[in-house]
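Examining the three-dimensional arrangement
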Amino acid sequence: MSKMFFFGFPAHGHINPSLPLVRELVQRGEQVIYYASDEFKEKIERVGAQFRSYGEKSQQLHNELEGKHGNLILLSFYILKIGQAILPDAINDLETDKPDYIIYDSMALWGKFAAQMMKLPAVCSNTIFVMSEKRLLNPKVFFSFAQGLPYVFPFFLLSRRLAAMYQIPRLRLRQIFIGDADLTIVYTSRCFQPDSHQLDKRYRFIGPSIPGESNLLCKDMDFPAKGDIPLIYISLGTVFNNNTKFYNECIRAYKNMECRVIMSVGNAIDLSALKDIPKNFTVRRHVPQMEVLKRADLFITHGGMNSVSEALFLGVPMIVVPMAADQPIVAVRVKEVGAGIYLKKGKVKHKRLQSLSAHILSDQGYKRKSKAVGDSLRASGGPTYGADEIIAYKNRQLLKLGG
Ligand code: UDP
């Protein structure tokens, strides 16, 4: 049995996928101390790990980021600022608890710094795609970077300051997205990861963590019988979902189409701003997504990594309308594998939605390709494989260090 510190990035899309792996490690006897913000305490304890809070200072910085982390360079700068706030306490804890190794989320780079300082084996937990330089320079993706250019110099200065302060190598911007750990656990399949042929054995693809099934909230939902009229499911996820214009455009597109629509709109919008919700629509702030996807013929999504994995898992074709962050990269990939269509958010007009939906619904190829990628996700090995790899890596490293 070894002791491990897990430095999480406090966002549902980052913590949730890691939890089945943590549970597996705990079941194999590893003692896991998992750092996150307070809202994740219960979830983390439920998988058998010990929760530790990042504390108030980092929470404040996180709050400052709220709504802005679609800008990837600003996000990178904040990652360093949060790291600067967290590191002094983290180092104290490392000296007291003396863990054998560290796992850090690819966005929680203070974990990487801590491992470098303490010369500990470190594993990266990557809940998004590993991003190659080629992908980052894709015009659709690069745009989201261009907005962050004013933060490049502050990032450089802070990175240099941290390197001098803790005597660690200076972090370069590209490392935030590409990573360079000895072992990186990626929560998708090698088949769905873009440019995976460029990634060597240091990257292990364990597949997504698909949420358990639940019938909660389904009772009052009127699902059409399978094979009846098509069911279209619309959701922009849980973060970048404050977009009344988008939802109203969907209403215009599908109100006269022979279909049923379930639209999950999140907590941010004012429901009264939705114009004349038609009879064939069910609008909710939150739905049990897997249950809805199981019945859906088409998913209109923002391209969040979890939503897309869930749709692929169930072989549902998609129209991906990326809002921010890494979503354009995911959208490009969905298009490349043939599981759906990329639609720019500025081009979401009701007529376009109608024609694209009719096209996808009439062409079984999209569904077939979505299912094929879904099969690769299912075959990826999951938390068992991830835990095998982590424990083997840790044992090799501890042997080298004479532990
Ligand atoms: N989700 C859900 N019900 C909803 C909307 C979203 O259960 O009504 C879940 C969805 O299944 C997914 C997660 O919320 O697991 C959204 O994660 P994703 O990475 O797709 O997007 P984010 O919310 O991080 O932008």
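About the criteria used
- Residues numbered from 1 in each chain as written.
- Predicted model: local features only at pLDDT ≥ 70, side-chain atom pairs only at ≥ 80, totals over all residues.
- Heavy atoms only, no water.
- Phe/Tyr/Trp six-rings, centres within 6.5 Å; stacked < 30°, edge-to-face > 60°.
- Buried < 20%, exposed > 50% of the residue type's maximum accessible area, 1.4 Å probe, protein only.
- Lys NZ or Arg CZ within 6 Å of the ring centre and 35° of its normal.
- Near = heavy atom within 4 Å.
- Polar contact = N/O pair within 3.5 Å; in protein donor to acceptor, adjacent residues only side chain to side chain.
- Helix = DSSP H or I, 4+ residues; strand = E, 2+ residues; numbered from the N terminus.
- Nonpolar A, V, L, I, M, F, W, Y, C, P; charged D, E, K, R; others polar.
- Disulfide = S-S within 2.5 Å.
- Pairing = 2+ DSSP bridges.
- Right-handed = clockwise from strand over helix to strand, strands pointing away.
- Axes fitted to C-alpha atoms, helices over the stretch in contact; angles between N-to-C directions.
- Parallel < 35°, antiparallel > 145°, perpendicular 65-115°, else oblique.
- Left-handed = near helix turned anticlockwise from the far one by under 90°.
- Contact = heavy atoms within 4.5 Å.
- 1 Å grid on protein atoms, 1.4 Å probe; cavity = no way out; pocket = protein on both sides within 12 Å on 5 of 7 lines; lining within 4 Å.
- Points joined across faces, edges and corners; volume = space filled by probe spheres on them.

This next bit is on the packing of aromatic side chains. Counted by the stated rule, this structure contains 12 aromatic pairs. With 5.6 Å between their ring centres and 75° between their planes, Phe246 and Tyr247 make a pair best called edge-to-face. Taking the relative accessible area as the measure of exposure, Phe246 reaches 3% and is therefore buried. Members of the aromatic cluster, each reached through a chain of ring pairs, are Phe5, Phe7, Tyr35, Tyr54 and Trp110. One residue, Arg378, lies across the ring of Phe313, its end atom 4.6 Å from the ring centre.

Close to the ligand lie 15 residues; Thr238, Ser264, Val287, Ser307 and Glu310 are nearest. In this structure, an oxygen atom belonging to the ligand sits 2.6 Å away from a side-chain N or O atom of Ser264. In this structure, Asn306 approaches the ligand through a side-chain N or O atom, which is 2.9 Å from an oxygen atom. Put simply, the parts of the chain that give the shell around the ligand at least two residues each are strand 8 (231-235) and helix 12 (305-313). With 4 residues, helix 12 is the largest single contributor of residues to the shell around the ligand. Within the shell around the ligand, the residues separate by chemical class into 4 nonpolar, 10 polar and 1 charged.

This structure, assessed with the given rule, holds 0 disulfides. Lacking any disulfide linkage, Cys259 is separated from the closest cysteine sulfur, that of Cys250, by 11 Å. Its relative accessible area of 2% is what places Cys259 among the buried residues.

Burial along strand 11 (residues 298-301) is two-sided: Leu298 and Ile300 facing one way and Phe299 and Thr301 facing the other are all buried. Both strand 8 and strand 11 contribute to a ladder of 4 bridges, which runs parallel. Opposite Tyr233, over in strand 11, you have Phe299 as the bridge partner. The pairing of strand 11 with strand 12 (residues 318-320) spans 3 bridges and is parallel. Looking at strand 12, one finds that Thr301 is bridged to Val320. Crossover handedness for the path strand 11 to helix 12 to strand 12: right-handed.

This part takes up the packing of helix 3 (residues 56-65) against helix 4 (residues 72-97). The interhelical angle for the contact between helix 3 and helix 4, taken along N-to-C directions, is 170°, at an axis separation of 9 Å. On the basis of the axis angle, helix 3 is roughly antiparallel to helix 4. At the point where helix 3 passes helix 4, the crossing takes the right-handed sense. Mapping the contact onto sequence places Lys57, Ser58, Leu61, His62, Glu64 and Leu65 in helix 3 and Leu75, Tyr78, Lys81, Ile82, Ala85 and Ile86 in helix 4. By residue class, the composition of the contact of helix 3 with helix 4 is 7 nonpolar, 2 polar and 3 charged.

Tracing the sequence through the fold places Thr282 in strand 10 (residues 281-284). A relative accessible area of 8% places Thr282 in the buried class. If we skip the residues at most four places from it in the chain, Thr282 touches Met221, Arg260, Val261, Ile262 and Met263.

Counted by the stated rule, this structure contains 2 cavities of 30 Å³ or more. Of the volumes computed, that of the largest cavity is approximately 90 Å³. What lines the largest cavity is a set of 16 residues, among which Leu109, Cys124, Gln175, Gly179 and Asp180 lie closest to the centre. Counting residues per element, the ones that place at least two in the lining of the largest cavity are helix 5 (109-118), strand 5 (122-126) and helix 9 (173-178). If one sorts the elements of the lining of the largest cavity by residue count, helix 9 sits on top with 4 residues. Split into classes, the residues belonging to the lining of the largest cavity amount to 9 nonpolar, 5 polar and 2 charged. Lining the second largest cavity are Pro17, Thr127, Tyr187, Pro208, Ser209, Ile210, Met305, Asn306, Ser309 and Glu310. Taken together, the residues of the lining of the second largest cavity break down into 5 nonpolar, 4 polar and 1 charged.

Spatially, the 7 strands line up as an open sheet ordered 3-2-1-4-5-6-7, and their pairing is parallel. Looking at strand neighbours, the two that pair on one side only are strand 3 (50-53) and strand 7 (203-205), the edges of this open sheet. Neighbour-to-neighbour, the strand axes of this sheet turn through a mean angle of 20°, independent of strand direction. Relative to strand 2 (residues 31-36), strand 1 (residues 3-7) is paired through 5 bridges, and the arrangement is parallel. Within the sheet, the bridge partner assigned to Lys3 lies in strand 2 and is Gln31.

All right, on to the side chain of Thr127 then. Tracing the sequence through the fold places Thr127 in the loop between strand 5 and helix 6 (133-136). Among the residues examined, Thr127 registers a relative accessible area of 6% and is labelled buried. Beyond its immediate chain neighbours, meaning those up to four positions away, Thr127 contacts Gly13, His14, Pro17, Asp105, Tyr187 and Met305.

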